[in-house]
Each structure stands twice: as structure tokens, then as C-alpha cells.
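What the coordinates show
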Amino acid sequence: MDDRPSGSHPASSPLTAFLGGPLPLVLAAVAAWGCMTVPPEVPGALPSRVAEPPSAAYREAVEEGRAIARTLISEERLPGLSLAVAVDGEIVWAEGFGRADLESQAPVTPATLLRIGGVSQTITAAAVGLLSERGRLDLDAPVQRYVPGFPQKEWPISTRQLMSHTAGVRHYHGEEEVFGQAACGDDVQRLAIFAEDRLRFRPGTKSAYSTFGWVLVGAVVAGAAGEPYLDFVQREILTPLGMESTMADIASRAEPGSAHFYYPSVMLNPRHGLQDAPEVDLSCILPAGGFLSTPSDLARFGSAMMGDALLQAATVAELQTPVRLASGESTGQALGWVVRYVPAGPGASPTRIVGQGLGDAVRRSFLSAVTLGGHVSGGTAALATVPEHRIAIAVASNVSGAESVPLLSTRLSDVFVRLQEGRREASGKEQGRAHLLPPRG
């Protein structure tokens, strides 16, 4: 569920766990026997659904983006994928591709609920921002001020360090450690999994991704707010922003409209076949990666984080500024967000992208595969915002380790930035011509 190699963790579904060890590749063929395979489809024939026609003002960008999406989905043989693009706070395009369920052939639509993995951290970061603005949370105070039951460690830990993955709290040892847990009914239960463990390093000296670190951030939110984490997030973020399709992913509570979730059978590669994702209860990692949502809801949230609909501009800037280590080295990791500069626009100039889940989804070697960006069991998601152009893009699939998801988010950024830049240039030329016209009368 992270964006950087330091957060990598081994694939650990029942059929892929062994691939992390030095066993002959021939076993991969045995593991793939009997798995579901998504048949290759001609990109143009890939079924898709829209709730309403895309904005006519963005027709060219949508057509280009749709062609890119179809090609990537077909090449990787994803079961399904959903995306949404917002410009200036308005959804201009939302579309679902492929199947929400391979057995029933139910289609993915813009309303299909998908697992968003580490993108959940941006929501938790917004909760921290609200409490900070209200003077109820000091990002640099020891976490025990808000979570007195959390054991003291070798060194103090601050919320800022937790949010930037520089606190030294460990990551989980394979997905089974988290997904094998019983449901966590409250914020205290979430901490029990790792609370007694030692820190991996002195806070502020290194950067290492930690899902558990963000679980602790959720407990800080609860302590500072004086109420359960989810109650605060629902009332102060989801409801005000109209995110009606965003909710906790709890196994015992089946949500109507959820996709069926899949896991690659071999080497975390959907091209080689799929199996059902293990049934999991993500309540134990809710603040770090346990939400269900739709790309449209995420695009609305991303848009809010580029304006003043939720937080003050100074607060957003603080959350989205990369943190430096004690050595002065920048981590590229901000507080719940990652900041990247990618080529975009007519001149492919470096463009600032702020988001989550933007890195590689999978890293493969000869005999192993590890998940990296935006991953959670049964889903891959990415959220990208381009503040300079007020563009928000969200993409999600119903399979783990989908490399097309982060790639599509950045490709669509380029498509819509080129459109915006072209309009700016045309507007500038038009204004220039008007300036040269002689005055009337």
C-alpha cells in the first residue's frame, strides 16, 4: 500500500507465498493449474459503463484517455477497472471497464465499490489536518499525549514522523499477519498487533514504509478528537465532501455494489491467471488501508485538497511538503501524500503530481514478486492530483498488484495537462490578437 521500494512486502496469497523463496520456476505452473484466466480482449471491444456522458468540453482528452485505459487493461488482463477525472472540482469523466465479477459477468460501473488500499492514508491525513487547525493536535508532540496506552519506546515518536514513514514503526511481516487477524472493533484493538515491538531505527534518521505507523496515526486522531476514528472521519470529511460511497471495508458487513476481489495466481501477475482474494477484514488497518470507495469519490476528495473546501491552504501545503531526514535528505514522502515530478504537457516538462499509490505496483525478480504501490489484498488504487491545473484523477481495480493502475493515473495526468496547456496557449494568443486590434470608433 505504499509508493516506495522501502515499503515492499512479499506476495502472500495461498498460491504465491512460496514464490518468495528459492524454488524452481516449474512450481509456478503447478500453482497456476485450475486458476481463472481473463481471456484477451481487443481493446476496442472491452465493455465499459458510464453513469452519464463525459463532459463535451473534454471530449478529445476522454477519447484519448479511454483508448489508453482499454489498451492497458487488455494487456494486463485485469478483471475490471474504474476511473474518474475531475477538473476544477467537477467530475468530467467517470467510467468503469471490464467485469466486477467474472463468474456473473457483472460489469464494473462508476458506482462499483473497490478497495483503495494506501489511498486511505490521504483521508486520515485530512483528519489530522482538521484537528491541527483546531488546536487539538500537535504534530510534533509525543504520540502518548493522545494515545496514553501506547508503550514508550527507545525514543519519542511524533505524529509527523508516523505520517512521513520516518518513525521506525515496523511494517507487517507478510499479509497474513494483518489479514489473518479477527476484526478490530476499536482503535485500541488495532494497536495490539504491534504495540509491544521495538522501533526499527531512531525516528527521523531513516525512511521505511509502515502500515502499522498509520494505524497508530488513526489512534492519534481518535485520541485528539475524543471519539472513535471512523466517527470523526465520517462526520468531518466523508459527509461534508459528499463521499457517500466511501466506507470501512468490514468482512462481516457485505456492501451492496462491491466488486468481487481477485488475487493473481502466479508472481502477482494477472496475465497468468487469477484466484479469489482471501476473505479479509481490513478493520485492523482501517486508517492505513481499509476503505472501500469509488474513483469518483476519490476525485472529489482530491479536488477538495486543492482548494479550501476542507482545509486551509497552509494546512494542505504542510501535508503535501516532503519531509527531510535528520541528515537533510528529502524523502519525497509528505504527510500521507507523495510528491513526484513527471513529464506532462506539450513539452513533457516536469509537472508536480501529488497523490498516493503512484509508484510501481509490483517488483519482480527471478523467483519472487513483491507488492509496492497502492496495493491491498484484492485491489490496487491510485489518486493523483495536479494542483497547478486543478486536475484530480483516481483509478482502481479489483485485483492486487495491477501495474496498469499507477501507470494509467500518470498517463491520464499527461493527457489532461496537455489539453489545459493547449487551451491556455490558445487563450493567450487570442488575447494577444485582441490587444493588437485598433480601438473602435
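So, here is what we can say about the structure in this document. (Residues numbered from 1 in each chain as written. Predicted model: local features only at pLDDT ≥ 70, side-chain atom pairs only at ≥ 80, totals over all residues. Heavy atoms only, no water.)

1. So, the sheet that holds strand 10 (residues 291-293)
Here three strands make up an open sheet; going across it, the order is 6-10-7 and the pairing antiparallel. Strands with a single pairing partner mark the edges of an open sheet, and in this sheet they are strand 6 (114-115) and strand 7 (247-248). For strand 6 and strand 10, the ladder comprises two bridges, and the chain directions are antiparallel. Along strand 10, the bridge assignment pairs Leu114 with Ser293. (Pairing = 2+ DSSP bridges. Helix = DSSP H or I, 4+ residues; strand = E, 2+ residues; numbered from the N terminus.)

2. Looking at the pairing of strand 16 (residues 379-386)
Taken across its eight residues, strand 16 has eight buried, putting it largely inside the fold. Side-chain alternation along strand 16 places Gly379, Ala381, Leu383 and Thr385 on one buried face and Thr380, Ala382, Ala384 and Val386 on a second face that is also buried. Direction of pairing for strand 12 (residues 349-356) relative to strand 16: antiparallel, over a ladder of three bridges. Directly across from Val354, in strand 16, lies its bridge partner Thr385. Taken together, the seven bridges between strand 16 and strand 17 (residues 391-397) define a ladder with antiparallel strand orientation. (Buried < 20%, exposed > 50% of the residue type's maximum accessible area, 1.4 Å probe, protein only.)

3. Here's the deal with empty space enclosed by the protein
Within this structure, the stated rule accounts for four cavities of 30 Å³ or more. Taken as a whole, the largest cavity holds about 50 Å³ of empty space. If you go around the largest cavity, the residues you meet are Phe150, Lys153, Val169, Arg170, Phe194, Asp197, Arg198 and Leu199. Class assignment for the residues of the lining of the largest cavity results in four nonpolar, no polar and four charged. (1 Å grid on protein atoms, 1.4 Å probe; cavity = no way out; pocket = protein on both sides within 12 Å on 5 of 7 lines; lining within 4 Å. Points joined across faces, edges and corners; volume = space filled by probe spheres on them. Nonpolar A, V, L, I, M, F, W, Y, C, P; charged D, E, K, R; others polar.)

4. Section: the layout of surface pockets
The calculated volume of the second largest pocket comes to roughly 280 Å³. When residues of the lining of the second largest pocket are assigned to their parent elements, the largest contribution, four residues, is made by strand 4 (residues 90-101). Here the lining of the second largest pocket is composed, by residue class, of nine nonpolar, four polar and three charged.

5. Quick word on the state of the cysteines
In protein structure, a disulfide is the covalent linkage between the sulfur atoms of two cysteines. Applying the stated rule across the entire model yields one disulfide. Between Cys184 and Cys284 runs a disulfide, and the two sulfur atoms are separated by 2.0 Å. For the disulfide bridge between Cys184 and Cys284, the dihedral angle about the S-S bond is near 90°, and by the sign convention the bridge is right-handed. Taken together, the residues span a long stretch of sequence, with Cys184 in the loop between helix 5 (175-179) and helix 6 (187-191) and Cys284 in the loop between strand 9 (274-276) and helix 9 (286-289) at a distance of 100 residues. Cys284 carries the same exposure label as Cys184, and that label is buried. (Disulfide = S-S within 2.5 Å.)

6. Structural notes on the side chain of Gln144
For Gln144, the position within the fold is in the loop between helix 3 (120-133) and helix 4 (159-163). Side-chain polar atoms of Gln144 contact the backbone oxygen of Phe150, separated by 3.4 Å. Not counting chain neighbours up to four residues away, the residues in contact with Gln144 comprise Phe150, Pro151 and Gln152. (Polar contact = N/O pair within 3.5 Å; in protein donor to acceptor, adjacent residues only side chain to side chain. Contact = heavy atoms within 4.5 Å.)

7. A word on the pattern of salt bridges
A complete count under the given rule lists 15 salt bridges for this structure. Linking Arg418 and Glu64 is a salt bridge whose minimum nitrogen-to-oxygen distance equals 2.6 Å. Of the two residues, Arg418 is situated in helix 12 (residues 404-436) and Glu64 in helix 2 (residues 59-76); the sequence distance between them amounts to 354 residues. By relative accessible area, which is 27% here, Arg418 ends up partly exposed. Glu64 sits in the partly exposed class, given a relative accessible area of 31%. Across the pair Glu236 and Arg235 runs a salt bridge whose closest N-O atoms are separated by 3.1 Å. By relative accessible area, Glu236 is classed as buried at 17%. One connected set of salt bridges, linked through shared partners, spans Arg134, Glu227, Arg235 and Glu236. (Salt bridge = Lys/Arg side-chain N within 4 Å of Asp/Glu carboxyl O.)

8. Description of the packing of helix 3 against helix 8 (residues 229-238)
Running from amino to carboxyl end, helix 3 crosses helix 8 at an angle of 80°, the nearest separation of the two axes being 10 Å. Taken as axis vectors, helix 3 and helix 8 run roughly perpendicular relative to one another. The segment helix 3 lies against helix 8, with Ile123, Thr124, Ala126, Ala127, Leu130 and Leu131 engaging Tyr229, Phe232, Val233, Glu236, Ile237 and Leu238. Across the contact of helix 3 with helix 8, the residue classes tally to ten nonpolar, one polar and one charged. (Axes fitted to C-alpha atoms, helices over the stretch in contact; angles between N-to-C directions. Parallel < 35°, antiparallel > 145°, perpendicular 65-115°, else oblique.)

9. Examining the nonpolar core
The biggest cluster of nonpolar side chains holds 84 residues, and the ones touching the most others in it are Ile237 and Phe301. Ranked by the residues each element gives to this core, the list is headed by helix 7 (residues 211-225), at eleven residues. Setting aside chain neighbours within four positions, we find Ile237 in contact with Ile123, Ala126, Ala127, Leu130, Phe232, Phe301 and Leu310. (Core = buried A, V, L, I, M, F, W, Y, C linked by side-chain atoms within 4.5 Å.)

10. Focus: the environment of Phe97
You can see Phe97 is positioned in strand 4. Here the alpha-carbon distance between Phe97 and Pro107, two residues ten residues apart in the chain, equals 7.2 Å. When neighbours within four sequence positions are excluded, Phe97 is seen to be in contact with Leu46, Pro47, Ser48, Arg66, Ala69, Arg70, Ile73, Pro79, Gly80, Leu81, Leu83 and Val108.

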